[in-house]
Amino acid sequence: MVFRAPIRLMATAARQSLKIGMLPADGIGREVLPGAKAAILALGSSIPKTEFIDLLAGFEYFTRTGTALPDETVEILKNECDCALFGAVSSPSRKVTGYSSPIVALRKKMDLFANIRPVKSVSVNPEGKPGVDLVVIRENTECLYVKQETQTVGEHGKEARATRLITERASRRIGELAFKMALERPRKHLTVIHKSNVLSITDGLFRETVRAVPTLPGVDGKYDDVTVAEQLVDSAVYRLFREPEIYDVMVAPNLYGDILSDAAAALVGSLGLVPSVNAGDSFVMGEPVHGSAPDIAGQNIANPLAAIRSAAMMLRHIGYVDGANRIEKAVDSVLREGKVLTPDLGGKSKTSEVVDEVTRRI
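Analysis parameters
Residues numbered from 1 in each chain as written. Predicted model: local features only at pLDDT ≥ 70, side-chain atom pairs only at ≥ 80, totals over all residues. Heavy atoms only, no water. Axes fitted to C-alpha atoms, helices over the stretch in contact; angles between N-to-C directions. Helix = DSSP H or I, 4+ residues; strand = E, 2+ residues; numbered from the N terminus. Parallel < 35°, antiparallel > 145°, perpendicular 65-115°, else oblique. Left-handed = near helix turned anticlockwise from the far one by under 90°. Contact = heavy atoms within 4.5 Å. Pairing = 2+ DSSP bridges. Salt bridge = Lys/Arg side-chain N within 4 Å of Asp/Glu carboxyl O. Buried < 20%, exposed > 50% of the residue type's maximum accessible area, 1.4 Å probe, protein only. Expected span 1.5 Å × (residues − 1). 1 Å grid on protein atoms, 1.4 Å probe; cavity = no way out; pocket = protein on both sides within 12 Å on 5 of 7 lines; lining within 4 Å. Points joined across faces, edges and corners; volume = space filled by probe spheres on them. Nonpolar A, V, L, I, M, F, W, Y, C, P; charged D, E, K, R; others polar. Polar contact = N/O pair within 3.5 Å; in protein donor to acceptor, adjacent residues only side chain to side chain. Disulfide = S-S within 2.5 Å. Phe/Tyr/Trp six-rings, centres within 6.5 Å; stacked < 30°, edge-to-face > 60°. Lys NZ or Arg CZ within 6 Å of the ring centre and 35° of its normal.

**Considerations on the packing of helix α5 (residues 168-184) against helix α6 (residues 202-211)**
Interaxial distance between α5 and α6 falls to 8 Å at its minimum, and their mutual angle equals 45°. Judged by the angle between their axes, α5 and α6 are oblique. The two elements α5 and α6 cross, and the hand of that crossing is right-handed. Along its contact with α5, which presents Glu 168, Ser 171, Arg 172, Ile 174, Gly 175 and Phe 179, the element α6 presents Leu 205, Phe 206, Thr 209 and Val 210.

**Considerations on the sheet that holds strand β1 (residues 17-25)**
The mixed open sheet is built from ten strands, whose spatial order is β2-β1-β3-β12-β11-β4-β5-β10-β8-β9. Strands with a single pairing partner mark the edges of an open sheet, and in this sheet they are β2 (49-54) and β9 (227-232). Across the sheet, the mean angle from the axis of one strand to that of its neighbour is 25°, orientation sign disregarded. By the bridge criterion, six bridges tie strand β8 (residues 189-194) to β9 in an arrangement that is parallel. Across the sheet, His 189 pairs through a bridge with Thr 227, a residue of β9.

**Examining the pattern of salt bridges**
For the coordinates displayed, the defined rule picks out 20 salt bridges. The shortest N-O distance in the salt bridge between Asp 248 and Arg 185 comes to 2.5 Å. Here Asp 248, found in the loop between α7 (233-242) and β10 (249-252), pairs with Arg 185, found in the loop between α5 and β8; they are 63 residues apart in sequence, far enough to count as distant. Side by side, Asp 248 and Arg 185 carry an identical accessibility label, which is buried.

**Quick look at helix α10 (residues 321-337)**
Here α10 contains 17 residues, and its C-alpha end-to-end distance of 24 Å stays within 8% of the 24 Å for a straight helix at 1.5 Å per residue. The set of residues buried in α10 consists of Gly 323, Ala 324, Asn 325, Ile 327, Glu 328, Ala 330, Val 331, Asp 332, Val 334 and Leu 335. Lining the buried residues of α10 we find α1 (29-41), α9 (305-317) and α11 (351-361).

**A short note on the layout of surface pockets**
When its volume is computed, the largest pocket comes out at roughly 790 Å³. Within the residue set of the lining of the largest pocket, elements represented by two or more residues are β3 (83-88), α4 (102-109), β6 (149-154) and α8 (254-265). Tallied by class, the residues present in the lining of the largest pocket amount to eleven nonpolar, ten polar and ten charged.

**Here we look at the side chain of Asn 303**
For Asn 303, the location among the structural elements is in the loop between β12 (284-286) and α9. Among the residues examined, Asn 303 registers a relative accessible area of 5% and is labelled buried. Reaching out from Asn 303, the side chain makes a polar contact with the backbone nitrogen of Leu 305 at a distance of 2.9 Å. Polar contacts involving the side chain of Asn 303 include one to the side chain of Asp 344, which spans 3.0 Å. Those residues in contact with Asn 303, other than ones at most four positions away along the chain, are Val 32, Ser 270, Gly 272, Leu 273, His 290, Thr 342, Asp 344 and Leu 345.

**Concerning the side chain of Thr 50**
Mapping Thr 50 onto the fold places it in strand β2. Looking at Thr 50, its side chain comes within polar contact range of the main-chain oxygen of Pro 48, at 3.0 Å. In this structure Thr 50 touches Leu 18, Ile 20 and Ile 40, once residues within four positions along its chain are discounted.

**Regarding the state of the cysteines**
For the coordinates displayed, the defined rule picks out zero disulfides. The thiol of Cys 83 is not disulfide-bonded; the next cysteine sulfur, from Cys 81, is found 7.8 Å away. Taking the relative accessible area as the measure of exposure, Cys 83 reaches 0% and is therefore buried.

**Section: the environment of Gly 269**
Inspection of the secondary structure assignment puts Gly 269 in the loop between α8 and β11 (277-279). Its relative accessible area of 46% is what places Gly 269 among the partly exposed residues. For the pair Gly 269 and Met 22, spaced 247 residues apart in the sequence, the C-alpha separation amounts to 27 Å. Residues within four places of Gly 269 in sequence aside, it is in contact with Asp 344 and Leu 345.

**Things to note about the environment of Gly 221**
Structurally, Gly 221 can be placed in the loop between α6 and β9. With relative accessibility at 33%, the residue Gly 221 sits in the partly exposed group. For the pair formed by Gly 221 and Phe 86, sequence separation is 135 residues and the distance between their alpha carbons is 38 Å.

**Brief notes about the packing of aromatic side chains**
The geometry of an aromatic ring pair is captured by the separation of the ring centres together with the interplanar angle, meaning the angle of the planes. Enumeration over the complete set of coordinates arrives at four aromatic pairs. Judged by centre distance (5.1 Å) and plane angle (45°), the rings of Phe 179 and Tyr 223 are tilted. In this pair, Phe 179 sits in helix α5 while Tyr 223 sits in the loop between α6 and β9, placing the two residues 44 residues apart along the sequence. Each member of the pair Phe 179 and Tyr 223 is classed as buried. In this structure an aromatic cluster arises from ring pairing among Phe 59, Phe 62 and Tyr 99. The ring centre of Tyr 145 lies 5.2 Å from the NZ or CZ of Arg 138, which sits over that ring.

**Re unusual backbone geometry**
Despite not being glycine, Asp 111 has its phi angle at roughly 55°, a positive value. Look at Asp 111 and you get partly exposed, because its relative accessible area is 30%. Phi is positive for Lys 188, close to 55°, though the residue is something other than glycine. Following the sequence through the fold, Lys 188 ends up in the loop between α5 and β8.

Spelled out as structure tokens, the structure:
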């Protein structure tokens, strides 16, 4: 699964070393991130000498210390690391006083405004249907994820409210990235996801701002070859399962993008296959789409391929295209062969066995 990164964070001057922040966080994050590390190390001298910096974050860390994201972690990422990899976080579904998701906080503190999630089928489709090959681009800093909620008591009991923030600036940034990605892909097709028939102000602003990108000063017809469509989010989910081949690049506000990319993962077999990067203008952090999976943590059966693919995306993003290609081709060959797979894909292999097989092929 080859992914091209069009964002501004491209190849830099030759580095003497490559410093990667490692944030395994919770659950299976601690089991899959070593696989990503092993894949990077398997590249040998084709990339600069690599230093992995272990950093703390997560709900389990919060339960011990009262903080989910130490200031020291953020400072080291900003001042010492070239890029980073994040494992998974066990954010509880109930309210926990003082806790806030560290990955959401990191995206804001590092200004990682785009979450880029490619979803592509690798194995041969026995029915001969077109394979899945799409990218979900999720605005990463706003929407309901600003986490401004209140609860009051009204005439009929408790009333809870959440603030949803959509700004022109954030919508324009994610829209520009979406158009750039669509332009670089063969089909050059972009679908804007929204629910502006109901949320006419917030989703209306997102829709209008993204669609206006080709008219921005200095664009001068750059995106004339990009076909733009739009889809209501509920209809998009339906069509994603019925006819996924119609989608190429999908751009969405934060919540919709999160849901759509998880849904799309079902089309290719498992969340354990889908990678992502959180990207900004000056930093990138790879992150597998799956969660912390506490039900299988510690059993050595978690699928490491999403984390390994996320490492490849991260490397491509900072200019190490050949290394990224080698990792991605190794993963794809393991999937096509289908002999060394974790239980989520119908196999019986251990996490460590899959990592060994991938690194052997790199």
